[in-house]
Amino acid sequence: MNTFKVSVQETSNKSIVKFEVNQFITKHQSFEFNNIDEAKNSPLAQQLFYLPFVKKVYISGNFIAVERYDIVEWNDVQDEVSEQIEAYLNDGGIVVEEAATPKKVAVTVYAESTPNPSVMKFVANKKIVAALFEFTSIDEAKLSPLATELFHFPFVKSVFLDENYVSITKYDITEWQDITIQLREFIKDYIENGKEVVLPEAIETLQKSTKQVDSHFDSLDDVSKEIVNILEEYVKPAVASDGGNIQFISYDPASKNVSVMLQGACSGCPSSTYTLKSGIENMLKEMLPGKIETVEAING
């Protein structure tokens, strides 16, 4: 059984709090309910409206956003609401009935080139996955219906999924100018039709859950933890914007060598070696003096 975990996320509007779930709870559809009558097709939203301070409920993808009346402060009630939602989901509660009419949200997907000439990034205007995934073959992709479908295109070599985009690595048999529009339209239609991007069990099976990630981090030595924190804060945002990822693998205190994995657009990128040596290696040496000698990378 897949365990749902709910975390509290503040928003720019102090009346609204997002309750983020570690799995998708709708098929990439959004629903907005202003009162309990409107929520007749959402047992979860109806349950929330029984709380006297709930003004509006918005359900989308992997979160529930709740707007409150001013009779309470979120700090006083948000943990209880989070626990209530988590318990409801883990008891098999229905989020939205099939008959419910989703709030229409136009799906747009645009193609963006990356520093790697073999990789194109296809960016959606909505969140499509709750964790990062990379698949280098159709066999590996069995937990991702979208990646499986993409591998049916003969020119697709690998598929990398992150929050709101898909990075595709192509074989050299074709040029991007010949296939970009076809891939963009395919991904757009796939998301619009509410098809599953990854299966619900993918996060747990591939060790991507928050609990699993935190457990792995806690098992690391102090220097490794420092390296992970530096990569998360200073490196990952930059490589994500290029359609890729860098993942810490190991640290050898004897040789002071750091091993990382390059994924997505970073994997096999002609400029990645330069970036690794002139950027990441120098940064780690400067921020962890005397602890780092070399950084080596393997391609995902």
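Residues numbered from 1 in each chain as written. Predicted model: local features only at pLDDT ≥ 70, side-chain atom pairs only at ≥ 80, totals over all residues. Heavy atoms only, no water.

K.L.:
How should I be thinking about the sheet that holds strand β7 (residues 119-124) in this particular structure?
P.N.:
The strands making up a sheet associate through hydrogen bonds between their backbones, and the pairing can be parallel or antiparallel. Strand order across the open sheet formed by five strands is β6-β7-β10-β9-β8, with antiparallel pairing between neighbours. With one partner strand each, in any of the chains shown, β6 (109-113) and β8 (133-135) form the two edges of the open sheet. Put simply, the sheet's adjacent strands are angled 20° from each other on average, direction ignored. Relative to strand β9 (residues 156-162), β8 runs antiparallel, the two sharing three bridges. Pairing of Glu134 across the sheet is with Phe160, part of β9. Seen against the sheet, helix α4 (residues 176-192) touches β6, β7 and β10 (165-170) and runs at an angle of roughly 30° to β7. (Pairing = 2+ DSSP bridges. Helix = DSSP H or I, 4+ residues; strand = E, 2+ residues; numbered from the N terminus. Axes fitted to C-alpha atoms, helices over the stretch in contact; angles between N-to-C directions. Contact = heavy atoms within 4.5 Å.)

K.L.:
What is the right way to read the pairing of strand β4 (residues 54-60) from this model?
P.N.:
As a general feature of sheets, a regular strand has side chains that alternate between the two faces. Two elements, strand β3 (residues 30-33) and β4, share four bridges in a ladder whose sense is antiparallel. Opposite Phe31, over in β4, you have Ile59 as the bridge partner. Strand direction decides the pairing type here: β4 and strand β5 (residues 63-68), joined by six bridges, are antiparallel. Counterpart to Ser60 in the pairing with β5 is Phe63. The hairpin formed by β4 and β5 contains two residues between the paired strands, and Gly61 there has a positive phi angle of roughly 50°.

K.L.:
Just to check I follow, could you spell out the sheet that holds strand β1 (residues 6-10) for this structure?
P.N.:
The strand order across the open sheet formed by five strands is β1-β2-β5-β4-β3, and the pairing between neighbours is antiparallel. One side of each edge strand has no neighbouring strand; the edge strands of this open sheet are β1 and β3. Averaged over all pairs of adjacent strands, the angle between strand axes in this sheet comes to 20°, irrespective of strand direction. Where strand β2 (residues 16-21) and β5 come together, five bridges link them in antiparallel fashion. Bridge assignment links Glu20 to a residue of β5, and that residue is Phe63. Across the sheet, helix α2 (residues 74-90) touches β1, β2 and β5, and the angle it forms with β2 is around 30°.

K.L.:
What's the story with the packing of aromatic side chains in this structure? I'm lost.
P.N.:
How two aromatic rings sit relative to each other is given by the distance of their centres and the angle of their planes. According to the stated counting rule, one finds nine aromatic pairs in the structure shown. Ring geometry for Phe19 against Trp74: centres 5.8 Å apart, planes inclined by 70°, an arrangement best described as edge-to-face. You can see Phe19 sitting in strand β2 and its partner Trp74 sitting in helix α2, a full 55 residues away along the chain. You can call Phe19 buried: its relative accessible area is 0%. Consider the rings of Phe153 and Phe186, whose centres lie 5.3 Å apart with planes at 85°: the pair is edge-to-face. With Phe153 in the loop between α3 (145-150) and β9 and Phe186 in helix α4, the pair connects residues that are 33 residues apart, well separated along the chain. Overall, Phe153 belongs to the buried group, its relative accessible area being 13%. The class of Phe186 is partly exposed, set by a relative accessible area of 22%. Among the aromatic residues, ring-to-ring pairing joins Phe153, Phe155, Phe186 and Tyr190 into one connected group. Taking NZ or CZ as reference, Lys18 lies 4.3 Å from the ring centre of Phe63, over its face. Above the plane of the ring of Tyr165 lies Lys121, whose end atom (NZ or CZ) is 4.4 Å from the centre. (Phe/Tyr/Trp six-rings, centres within 6.5 Å; stacked < 30°, edge-to-face > 60°. Buried < 20%, exposed > 50% of the residue type's maximum accessible area, 1.4 Å probe, protein only. Lys NZ or Arg CZ within 6 Å of the ring centre and 35° of its normal.)

K.L.:
Looking at this structure, how should I read the nonpolar core?
P.N.:
General note: in soluble globular proteins, nonpolar side chains tend to be found buried as a group. Core analysis: the largest hydrophobic core is formed by 33 residues, its most contacted members being Phe133, Leu150, Leu161, Val166, Ile168 and Leu183. At six residues, α4 tops the list of elements feeding residues into this core. Those residues within four positions of Leu183 in sequence are excluded, and the remaining contacts are Phe122, Leu150, Phe153, Phe155, Ile168 and Trp176. With 28 residues, the next largest nonpolar core counts Ile59, Val66, Ile85 and Val95 among its residues. (Core = buried A, V, L, I, M, F, W, Y, C linked by side-chain atoms within 4.5 Å.)

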